[in-house]
Amino acid sequence: MWPKGKKPKITLIDKGDRFVFKPLLYELVNGTAQSWEVAPTYAQLLAPYPIQFIQDKVLEVQPEQTLQDGGSATGGTVRLASGTELEYDWLVVSLGAAADPRGVPGVRDYARPFVTLEDAEYVAQRLAEFEARAAVGQPQATVVIVGAGYAGVELSAVVGERVRGKARVVLVTPGADILETAPPGQRDAAAQVGQHHQQDKCCFVLLLPCSHHCVTSVLIMRSCFMCG
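Treat the numbers as computed from the prediction; the structure is a model and nothing was measured.

What counts and what doesn't
Residues numbered from 1 in each chain as written. Predicted model: local features only at pLDDT ≥ 70, side-chain atom pairs only at ≥ 80, totals over all residues. Heavy atoms only, no water. Helix = DSSP H or I, 4+ residues; strand = E, 2+ residues; numbered from the N terminus. Buried < 20%, exposed > 50% of the residue type's maximum accessible area, 1.4 Å probe, protein only. Areas by Shrake-Rupley, 256 points an atom, 1.4 Å probe, with all protein chains shown as cover. pLDDT = per-residue confidence, 0-100. Contact = heavy atoms within 4.5 Å. Phe/Tyr/Trp six-rings, centres within 6.5 Å; stacked < 30°, edge-to-face > 60°. Pairing = 2+ DSSP bridges. Axes fitted to C-alpha atoms, helices over the stretch in contact; angles between N-to-C directions. 1 Å grid on protein atoms, 1.4 Å probe; cavity = no way out; pocket = protein on both sides within 12 Å on 5 of 7 lines; lining within 4 Å. Points joined across faces, edges and corners; volume = space filled by probe spheres on them. Nonpolar A, V, L, I, M, F, W, Y, C, P; charged D, E, K, R; others polar.

Chemist: Pulling in residues and values, what's your account of the overall build of the protein chain?
Modeler: Counting secondary structure elements, the protein chain contains 8 helices and 10 strands. Expressed as a percentage of its 228 residues, the buried residues of the protein chain come to 32%. In the form shown here, the protein chain has an accessible surface area of approximately 14,400 Å², with 54% of it arising from carbon and sulfur atoms.

Chemist: So, the confidence of the model for the protein chain: which residues are in play, and what are the values?
Modeler: With 82% of its residues at a pLDDT of at least 70, the protein chain reaches an overall mean of 80. Taken as a whole, residues 205-224 scores under 50 in pLDDT and shows 61 contacts with residues more than four places along the chain or in a different chain.

Chemist: If you had to explain the packing of aromatic side chains to someone new, which residues and values would you point to?
Modeler: In total, this model carries 3 aromatic pairs according to the counting rule given. Among the aromatic residues, those joined into a ring-pair cluster are Phe 19, Tyr 42 and Phe 53.

Chemist: An account of the sheet that holds strand E5 (residues 85-88) is needed here, citing residue identities and associated values.
Modeler: The strand order across the open sheet formed by 3 strands is E3-E4-E5, and the pairing between neighbours is antiparallel. The open sheet has two free edges, formed respectively by strand E3 (58-63) and E5, since each of these has just one partner strand. This sheet shows a mean twist of 20° between the axes of neighbouring strands, independent of strand direction. Inspection of the sheet shows E3 paired to strand E4 (residues 76-80) by 5 bridges, in the antiparallel sense. The residue bridging Gln 62 from the neighbouring strand is Thr 77, located in E4.

Chemist: Outline the environment of Thr 41, supporting the account with residue identities and numerical values.
Modeler: Note that Thr 41 resides in the loop between helix H2 (35-38) and helix H3 (42-46). Of the residues examined, Thr 41 reaches a relative accessible area of 17% and is grouped as buried. Sequence separation of Thr 41 and Arg 18 is 23 residues, and the distance between their C-alpha atoms is 4.1 Å. Discounting chain neighbours no more than four positions away, the residues touching Thr 41 are Asp 17 and Arg 18.

Chemist: Describe the layout of surface pockets, with residues and values.
Modeler: The calculated volume of the largest pocket comes to roughly 1,900 Å³. Lining the largest pocket are 41 residues, with Leu 12, Ile 13, Asp 14, Val 92 and Ser 94 sitting closest to its centre. Secondary-structure elements contributing two or more residues to the lining of the largest pocket are strand E1 (10-14), E3, E5 and helix H5 (117-135). If you tally residues by element for the lining of the largest pocket, the top one is E1, at 5 residues. Here the lining of the largest pocket is composed, by residue class, of 23 nonpolar, 6 polar and 12 charged.

Have a look at this one:
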């Protein structure tokens, strides 16, 4: 507990206006959640709390007295793109994660990451297009998901469930198995889901020897989504 009258003033800075709860992005794809549930605005989230939110981009952090480790013992100033300067006593940097397409030819042009609200909305839109095509008798589309970690396996299961009988889902991994670093129980459970979809002929796992070849070899497919 903070001493009486000593509660700090908290300011949150982000260039976006929404907080994306990434575990719910899959629910947006299969239609069990809406955008406002997956990505509420910071104004909504912080309304009950004495926290100031500023939508802006940080250009520079200037400590007052820089220590050897790069930190500061006495606070400093944050300069924003709008020209605003904010003084701080304690600075917490929490940037999150972003997709990195560097080093794999063709990814920027032909593949789509699955990280943001916009990514999930794009995937949902494309799946709706595939479903509409299947409804009028056009050939099934192929959806390729690269990466068989937690995100890729969950996305392939969600997509396979949604497009069963209307599109084919291919999960590509350079490893010897899906969820290679996961506990055996989790891997076995995920494998059972994959076998269920394979029996419906809507999803299968393709093992390739190298991550570079994984991506470039599936870019000829109708849609390619990248997952960690």
